[in-house]
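Structural overview
Letter by letter, the chains look like this.
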Amino acid sequence: MMKTVTIKISQVIGSGYGVSASDGKLVYNAIANEISKGNRVLISFENTTRLTTAFLNAAVGQLYGEFSADKVRSVLVPPEDAEDWQLHRLKLVIDRAKVFFSDPDSVSGIISSEVGGDDDS
Amino acid sequence: MIALNTARLETTDTGFGAIADLEESLSNLGAGLVDIECSRLIWLDAHLASALRVLVSHSQGRNQNLRFVGLRSEITKILKKNGFFQGKLTDTYSTTMPSHVFSLEDGVAFAEYTRRYLSHPSMPVMSDSLQRKFFEGIDELFANSSLHSLSPTPICVCGQFFPTKQMLAITMSDGGHGIIGSYEKTFGSGIMACDAIDWAMQEGSTTRHGDIPGGLGLAILREFISQNSGRLIVASKRGYWCQQGRNIHKAELKKPFPGTSIVMEIDCSDRKLYDINNAATPDNIW
């Protein structure tokens, strides 16, 4: 029976610094491992204080190269404990990964529009 | 003896050009003790110590032993405080992020280094929003350097807070073959060094194959620099590139800078609230 397994980023990488692609790969491996076992995955951002797009690309963006978007949607439940800005970065990375893996030449177009309205005063 | 031919060593094309000139002069000398005459120098951006450290590292590779002579005492003091010179002085005001070398895999150690030095009470009291954006920006820069540097040269980091100007500055330098080196290795020659930097600073530019392209983090950082009215500066080989606010200035240096330096300077008095209007919803994020 399919169960939901929580993967806490800070536990997998041993710190609150989700900054390097190599640590992102650790999270990717943990997620892919649970998917291969037929489980659902809940990613928790609890205690993750720093985050880069390089880390998120390696941790979750690459999932879209391995699995279809429908498959990813069916096995990943909504993330928890993420601050708004972390969710926004996650969304940017996911949107870009979807486009890249469906059509690698068309990536650059989506970014400027999304990042352009990034900040507000 | 060779001379440092500038009065102000700043993060300008002139400043980086002066370091490039020194590198050129040193590369034409043999092993042994070399005096660098610095009596013209009246101002040094302290965070440029990381670029100077790359210069020293290259010289050591040629078995040269450098001695900086004729320095004004206040400049010597600055370079002792941030650890560029031996005999480290205590940083009474704790406004220095000392010179430190990280390997390309040391992103976590770099993050911890920045947290540690910026948490000192003498460092700027930034809004939570600004501090998060600063950390995000420098983490993205470090991650980008780690991913896209094609040489294993370490990254030397140095930072300085300037209380009067309310400016926080950090420089990351490596002694590698520069952005144009990465570009030419992938795409061949035929581009100016400053244009190679400009290309690298655009979203989606990458010299890697098969991965999701980098550049998203740089796009986020550049938007932040625009909003903050700060500066993002890159000197790499003969190229100089500077974003100030939304304006870009490019220049070619007469001599090649010994690697790549990236400088981020931000206005710490900025009280904008960043990222308040673009939260995503967890429920449909995948």
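Here goes a summary of the coordinates provided. Values in this document were obtained by computation on a predicted structure and should not be read as measured data.

**Some details on the packing of aromatic side chains**
For the structure on display, the rule yields 17 aromatic pairs over all chains. A centroid spacing of 5.4 Å and a plane angle of 85° characterise the contact between B:Phe16 and B:Phe257, whose relative ring orientation is edge-to-face. With B:Phe16 in helix 1 (residues 13-27) and B:Phe257 in the loop between strand 11 (247-252) and strand 12 (260-267), this pair connects stretches of sequence that are 241 residues apart. Across the pair, exposure class does not vary: B:Phe16 and B:Phe257 are buried alike. Through pairs of rings, three or more aromatic residues link up here, namely B:Phe102, B:Phe110, B:Tyr113, B:Tyr117 and B:Phe142. Here the basic side chain of A:Arg50 rests over the ring of B:Phe135, its NZ or CZ set 3.9 Å away from the ring centre.

**Here's the deal with the side chain of B:Ser50**
All names here are of chain B. Residue position: Ser-50 is located in helix 2 (residues 49-61). On the accessibility criterion, Ser-50 (0% relative accessible area) is buried. Not counting the four nearest positions on each side in its chain, Ser-50 is found in contact with Cys-156, Val-157, Cys-158, Thr-171, Met-172 and Ser-173.

**Topic: the pattern of salt bridges**
Evaluation of the coordinates by the stated rule reveals 15 salt bridges over all chains. A salt bridge links B:Arg8 to B:Glu10, with the nearest nitrogen and oxygen atoms 3.3 Å apart. The closest approach of N and O atoms between B:Asp35 and B:Arg67, which form a salt bridge, is 2.8 Å. Of this pair, B:Asp35 sits in strand 3 (residues 32-37) while B:Arg67 sits in strand 5 (residues 64-69), and the two are 32 residues apart along the sequence. One network of salt bridges, in which partners are shared, links A:Arg89, B:Lys133 and B:Glu136.

**As for the nonpolar core**
Residues and elements named next belong to chain B. Grouped together as the largest cluster of nonpolar side chains are 40 residues, with contacts concentrated most on Phe-110, Phe-134, Leu-232, Met-264 and Ile-266. Setting aside anything within four residues of it in sequence, one finds Leu-232 in contact with Leu-141, Met-201, Leu-221, Arg-222, Ile-225, Trp-241, Cys-242, Gln-243, Ile-262, Val-263 and Met-264. Judged by nonpolar contacts, the second largest core, of 36 residues, contains Ile-2, Ala-20, Leu-66 and Leu-71.

**Digging into the interface of chain B and chain A**
One frequently used descriptor of interface size is the decrease in accessible area upon assembly of the parts. Counting residues at the interface gives 43 residues for chain B, matched by 48 residues for chain A. Taken together, the connections running from chain B to chain A amount to two salt bridges. A salt bridge links B:Glu136 to A:Arg89; the shortest N-O distance between them is 2.4 Å. Linking chain B to chain A there are eleven residue pairs in polar contact (both at pLDDT 80 or more). For the side of chain B that touches chain A, the elements supplying multiple residues, two or more each, are helix 4 (107-118), helix 5 (128-148) and helix 8 (216-228) of chain B. Among the elements that line the side of chain B that touches chain A, the one with the most residues is helix 5 of chain B, at nine residues. The class makeup of the residues in the side of chain B that touches chain A is 20 nonpolar, ten polar and 13 charged.

**Remarks on the environment of B:Asp195**
Residues and elements named next belong to chain B. Position of Asp-195 relative to the elements: it lies in helix 7 (residues 193-200). For Asp-195, a relative accessible area of 26% corresponds to the partly exposed category. Each C-alpha atom of the pair Asp-195 and Glu-252 lies 9.2 Å from the other, and the pair is 57 residues apart in sequence.

**As for helix 4 of chain B**
Residues that lie three or four places apart on an α-helix share one face, since the helix turns once every 3.6 residues. Residues and elements named next belong to chain B. An ideal rise of 1.5 Å per residue puts 16 Å on twelve residues; helix 4 measures up with 17 Å between its terminal C-alpha atoms. For helix 4, the complete set of buried residues consists of Gly-107, Phe-110, Ala-111, Tyr-113, Thr-114 and Leu-118. One side of helix 4 carries all its buried residues, which in axial view fall inside an arc of 160°.

Procedures and definitions
- Residues numbered from 1 in each chain as written.
- Chains lettered and ligands numbered in written order.
- Predicted model: local features only at pLDDT ≥ 70, side-chain atom pairs only at ≥ 80, totals over all residues.
- Heavy atoms only, no water.
- Phe/Tyr/Trp six-rings, centres within 6.5 Å; stacked < 30°, edge-to-face > 60°.
- Helix = DSSP H or I, 4+ residues; strand = E, 2+ residues; numbered from the N terminus.
- Buried < 20%, exposed > 50% of the residue type's maximum accessible area, 1.4 Å probe, protein only.
- Lys NZ or Arg CZ within 6 Å of the ring centre and 35° of its normal.
- Contact = heavy atoms within 4.5 Å.
- Salt bridge = Lys/Arg side-chain N within 4 Å of Asp/Glu carboxyl O.
- Core = buried A, V, L, I, M, F, W, Y, C linked by side-chain atoms within 4.5 Å.
- Polar contact = N/O pair within 3.5 Å; in protein donor to acceptor, adjacent residues only side chain to side chain.
- Nonpolar A, V, L, I, M, F, W, Y, C, P; charged D, E, K, R; others polar.
- Expected span 1.5 Å × (residues − 1).
- Arc of directions from axis to C-beta.

Coordinates in, geometry out; function isn't part of it.
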